[in-house]
Amino acid sequence: MLKKWSAAVLAGALAVGALAGCGGGDDAGSGDSGGGGGKITMGFSQVGAESGWRTANTKSIQESAATAGIDLKFSDAQGKQENQIKAIRSFIAQRVDVIAFSPVVESGWDTVLKEAKDANIPVILTDRSVDSQDKTLYKSFIGSDFVLEGKKAGEWLVKEYEGKPEPVNIVELQGSPGAAPANDRKAGFAEVIKADPKFKVIASQTGQFTRTDGKEVMEAFLKAHQDIDVLYAHNDDMGLGAIEAIEAAGKKPGTDIKIITVDAVKDGMTALAAGKINYIVECSPLLGPQLMDLAKKVKAGETVEQRVVTEETTFTQEQAKAALPDRKY
Ligand code: GYE
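Treat the numbers as computed from the prediction; the structure is a model and nothing was measured.

Near the ligand lie 13 residues; those nearest to it are Glu50, Asp127, Arg128, Arg185 and Asp263. Take Arg128: an N or O atom from its side chain is 2.7 Å from an oxygen atom of the ligand. The separation between an oxygen atom of the ligand and a polar side-chain atom of Arg185 is 2.8 Å. When isolated, the ligand has an accessible area of 300 Å², and the protein chains bury 100% of it. Counting only elements with at least two residues in the shell around the ligand, the list comes to helix H2 (52-68) and helix H6 (180-193).

Okay, structure coming up:
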């Protein structure tokens, strides 16, 4: 039984090594790579490379690890929870000092997090959280308040249509199924708009947080519904894909169909400044520096806050024009 388990861990370790394509193989199997020398080793499992947000987030983590002198073992899960579980098991087998990851989906983490806890390896969640009831399974969660983001999107809409009694037909492009930002951005938005029955979500489907799917699903929405007033997309990339579909259908994005998105990456902000998007709720991907600080504190045995909420704002078209020249990502 034990043998079988070890073999599985080893297979996982090899798979992750191959996936990550980075160094660190020299200390594999040495027993305690994080022990001596004082240099912290962090195993990080990233969701994938689905969006501009994700690209900026990966860059932030890699750069800040280098700056902080932390040895980063980076693994890309390519959007699959099973890959993340394999990566985490491999990090445990390698005895890294800290494990950090951005969970692809919210549920199904208890077993592997328990394995990390039993191995005495602290876990820090970044960007997205898990729905585990046992909060001792991780030290901290640093990331945005996605429900609040959805609420901010809804609040803009309510203001925009204030005093106009006609029904407002909304289509929604959801993030990847089961992901915390998809669940929460939907919930926060729904909570705000339900106050007025004139707001009607006439179609809501996943666009997987990608441009390609955003475009495809919007094409289908446009074919099925002649009377779309508003698009609410859970990220910029899906909104940008949808803009292509709207233009191809001979409509004017931002005018014929109002568009609200979340993230505020450069491409989104450019479309906002150009009048093709109407409002963006910011979600910051620059989590690297805070994550490295947390890792150092956790390694030093200091107590850290269970929850660190990222500071964020919102952008109108005018604000986007002003902010664009200095936008870093
Ligand atoms: O909004 C989206 C990305 O988890 C906050 O994931 C992140 C989301 C982000 O793919 O663009």
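Here we take up the sheet that holds strand E7 (residues 199-206). Hydrogen bonds along the backbone pair up the strands of a sheet, which may run parallel or antiparallel. Judged by pairing direction, the sheet is mixed, and its six strands sit side by side in the order E7-E6-E8-E9-E10-E12 without closing on themselves. A strand with exactly one partner marks an edge of an open sheet, and here the two such strands are E7 and strand E12 (314-315). In this structure, strand E6 (residues 168-174) lies alongside E7, joined through seven bridges in parallel fashion. Note that in E7 the partner of Ile170 across the bridge is Val201. Packed on one face of the sheet, helix H8 (residues 236-248) meets E6, strand E8 (230-233), strand E9 (258-263) and strand E10 (279-282) and runs near 155 degrees to E9. Contacts between helix H9 (residues 266-273) and the sheet are confined to E10 and E12, with E10 contributing the most and set at about 150 degrees to the helix.

Here the focus is the nonpolar core. Judged by nonpolar contacts, the single largest core of 42 residues is most densely connected at Met42, Ile124, Leu157, Ile170, Ile260 and Leu291. By residue number, the principal contributor to this core is helix H10 (residues 288-299), which donates five residues. No fewer than three residues from each of domain 1 (4-144 + 285-312) and domain 2 (146-283) sit in this core. Not counting chain neighbours up to four residues away, the residues in contact with Ile260 comprise Ala153, Trp156, Leu157, Val230, Leu231, Tyr232, Ala233 and Tyr279. Grouped together as the second largest cluster of nonpolar side chains are 32 residues, Ala179, Val217, Ile280 and Leu324 included.

Turning our eyes to something else, we now look at the pairing of strand E2 (residues 71-76). Pairing of strand E1 (residues 41-46) with E2 involves six bridges; the strand directions are parallel. Bridge pairing in E2 places Ser45 opposite Ser75. Handedness of the β-α-β unit built from E1, H2 and E2 comes out right-handed.

Another aspect to go through is the packing of H2 against H10. One way to put it is that H2 packs onto H10 with a least axis distance of 8 Å and a crossing angle of 45 degrees. If you check the angle between H2 and H10, you find them oblique. Considering how the two elements wind past one another, H2 and H10 form a crossing that is right-handed. Along its contact with H2, which presents Ser60, Ile61, Ser64, Ala65 and Ala68, the element H10 presents Gly288, Pro289, Leu291, Met292 and Lys296. Classifying every residue of the contact of H2 with H10 by side-chain character gives six nonpolar, three polar and one charged.

The subject of this paragraph is the sheet that holds strand E3 (residues 98-101). The six strands lie next to each other as E2-E1-E3-E4-E5-E11, forming an open sheet whose pairing is parallel. Both outer strands of the open sheet, E2 and strand E11 (307-309), are each paired with one neighbouring strand and no more. Direction aside, neighbouring strands of the sheet carry axes that sit 15 degrees apart on average. Of the strand pairs in this sheet, E1 and E3 are connected by four bridges, and their pairing is parallel.

With that settled, consider helix H4 (residues 110-118). Burial in H4 covers these residues: Val112, Leu113, Glu115 and Ala116. Each buried residue of H4 lies within a common arc of 150 degrees when the element is viewed along its axis, so the set occupies one face. Seen from the open side of H4, the exposed residues pointing more than 90 degrees away from its buried face are Thr111 and Asp118. Taken together, the buried residues of H4 touch helix H3 (81-94), E3 and strand E4 (123-126). Note on H4: the residue one or two positions beyond its end, Asn120, has a positive phi of about 60 degrees.

Right, let's get into the confidence of the model for the chain. Residues of the chain with pLDDT of at least 70 account for 89%, and the chain-wide mean is 91. Considering only residues more than four positions removed or in separate chains, one finds that residues 1-36, a stretch of pLDDT under 50, has 30 contacts.

Let's shift gears to the pattern of salt bridges. Tallying each qualifying case throughout the model produces 18 salt bridges. For the salt bridge of Glu149 with Arg185, the shortest nitrogen-to-oxygen distance reads 2.8 Å. One end of the pair, Glu149, is in helix H5 (residues 146-160); the other, Arg185, is in helix H6, and 36 residues separate them in sequence. Summarising the burial analysis for this pair, Glu149 and Arg185 share the class buried. One network of salt bridges, in which partners are shared, links Glu50, Arg54, Asp127 and Arg128.

Rules used in this analysis
- Residues numbered from 1 in each chain as written.
- Predicted model: local features only at pLDDT ≥ 70, side-chain atom pairs only at ≥ 80, totals over all residues.
- Heavy atoms only, no water.
- Near = heavy atom within 4 Å.
- Polar contact = N/O pair within 3.5 Å; in protein donor to acceptor, adjacent residues only side chain to side chain.
- Areas by Shrake-Rupley, 256 points an atom, 1.4 Å probe, with all protein chains shown as cover.
- Helix = DSSP H or I, 4+ residues; strand = E, 2+ residues; numbered from the N terminus.
- Pairing = 2+ DSSP bridges.
- Contact = heavy atoms within 4.5 Å.
- Axes fitted to C-alpha atoms, helices over the stretch in contact; angles between N-to-C directions.
- Core = buried A, V, L, I, M, F, W, Y, C linked by side-chain atoms within 4.5 Å.
- Buried < 20%, exposed > 50% of the residue type's maximum accessible area, 1.4 Å probe, protein only.
- Domains from an automatic or database assignment.
- Right-handed = clockwise from strand over helix to strand, strands pointing away.
- Parallel < 35°, antiparallel > 145°, perpendicular 65-115°, else oblique.
- Left-handed = near helix turned anticlockwise from the far one by under 90°.
- Nonpolar A, V, L, I, M, F, W, Y, C, P; charged D, E, K, R; others polar.
- Arc of directions from axis to C-beta.
- pLDDT = per-residue confidence, 0-100.
- Salt bridge = Lys/Arg side-chain N within 4 Å of Asp/Glu carboxyl O.

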